[in-house]
Amino acid sequence: MLSDEVRRDVAAALAVAERDRRPIPPLRETHPGIDVVDAYEIQLLNIRRRLATGSTVHGHKVGLSSEAMQQMMGVDEPDYGHLLSDMAVSQDRPVSAGHYCYPRVEVEVGFVLGADLPGEGCTEDDVLAATEAVAPAIELIDSRITDWDIRICDTIADNASSAGYVLGPERVRPTDIDLRTVEARLLRNGEQVAAGRSDAVLGNPVTAVAWLARKVATFGVTLQAGHVILPGSVHRAIDVRPGDDFEAAFDGLGSVRLSFTD
């Protein structure tokens, strides 16, 4: 476990890497003693810094929500990060790819909460009752770690590799759709580059949201009404190139776009 001083130093290094778009070596190599507790505390240090400068919490994201990703990382549960107001992007305004180190996109079924979720003991039924609507979503991910050379502590400390998100305009009540069988396709410049189904996320994205509510409760955090929750990607992450125009199309859930400039 790292000292508080070292945690602050690591958080500062990640913040500078994000600001200057100059990734740093893997934390597990520069700080071999780092553990998951350290990594979450480092993440929170940077979140608190951003909140102190005017950002607000828009929600949270779940990462490592597929069995394959967990096996690759050598873990047996997902991880999570924060979605802040300065991370919200628009499908009507292109994003500069050059603003990020190694941008990628993922397609997700977004949850918009209409009520607070319980923490300890949160169930899938609780999630369905508290969810106002689900929506088509694209998460913009990035790594401030060189060449995406990450393991679990690297990505957790780096806000679960999150960088931005966008929701499409459609809203569907969770009771009006089978959230385990939503098919989605990702098109880049009109050509399909990925596809997946919502049950790639822990068998049911509702399961991921319930896990998240229980997990953040251990840090004294509540998933609140109005928050957006991204439960995990239905397919592998796709690299972003300057000039790319992405569209994620969901059966029964509409679509969402995200475009990039240089």
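See the structure shown above.
Here is what the cut-offs are and how they apply
- Residues numbered from 1 in each chain as written.
- Predicted model: local features only at pLDDT ≥ 70, side-chain atom pairs only at ≥ 80, totals over all residues.
- Heavy atoms only, no water.
- Salt bridge = Lys/Arg side-chain N within 4 Å of Asp/Glu carboxyl O.
- Helix = DSSP H or I, 4+ residues; strand = E, 2+ residues; numbered from the N terminus.
- Buried < 20%, exposed > 50% of the residue type's maximum accessible area, 1.4 Å probe, protein only.
- Pairing = 2+ DSSP bridges.

Visitor: Would you mind showing me how to read the pattern of salt bridges here?
Guide: Two side chains that carry opposite charge are able to pair once their charged atoms sit near each other. Per the stated rule, a full pass over the model turns up 18 salt bridges. Of the charged contacts, one joins Asp158 and Arg144 as a salt bridge, the two residues approaching to 2.8 Å between their closest N and O atoms. Taken together, the positions of Asp158 in the loop between helix 6 (152-157) and strand 6 (162-167) and Arg144 in the loop between strand 5 (131-141) and helix 6 put the pair 14 residues apart, joining distant regions of the chain. Judged by its relative accessible area of 5%, Asp158 is buried. Taking the relative accessible area as the measure of exposure, Arg144 reaches 2% and is therefore buried. Note that Asp251 and Arg185 form a salt bridge whose closest N and O atoms lie 3.0 Å from each other. Placement of Asp251 in the loop between strand 11 (245-250) and strand 12 (254-261) and of Arg185 in strand 7 (residues 183-188) is noted, with a sequence separation of 66 residues between them. Via salt bridges that share partners, Glu18, Arg50, Asp86, Asp142, Arg144 and Asp158 belong to a single interconnected network.

Visitor: How do you make sense of unusual backbone geometry when you look at a structure like this?
Guide: If a residue is not glycine, its phi is most likely negative; likewise, a peptide bond is most likely trans. A positive phi angle, near 60°, is found at Asp147, a position not held by glycine. Following the sequence through the fold, Asp147 ends up in the loop between strand 5 and helix 6. Here Asp147 falls in the exposed class, since its relative accessible area comes to 58%. One non-glycine residue with positive phi stands out, namely Ala160, at about 55°.

Visitor: What exactly am I supposed to notice about the sheet that holds strand 12 here?
Guide: Backbone hydrogen bonds hold the strands of a sheet together, and the pairing may be parallel or antiparallel. Taken in spatial order, the 5 strands make up an open sheet running 3-12-11-7-8, and their pairing is mixed. At either margin of the open sheet sits one strand with a lone partner, and together these are strand 3 (95-96) and strand 8 (191-197). By the bridge criterion, 5 bridges tie strand 7 to strand 11 in an arrangement that is antiparallel. In the strand pairing of strand 11, Arg185 is matched with Ala249.

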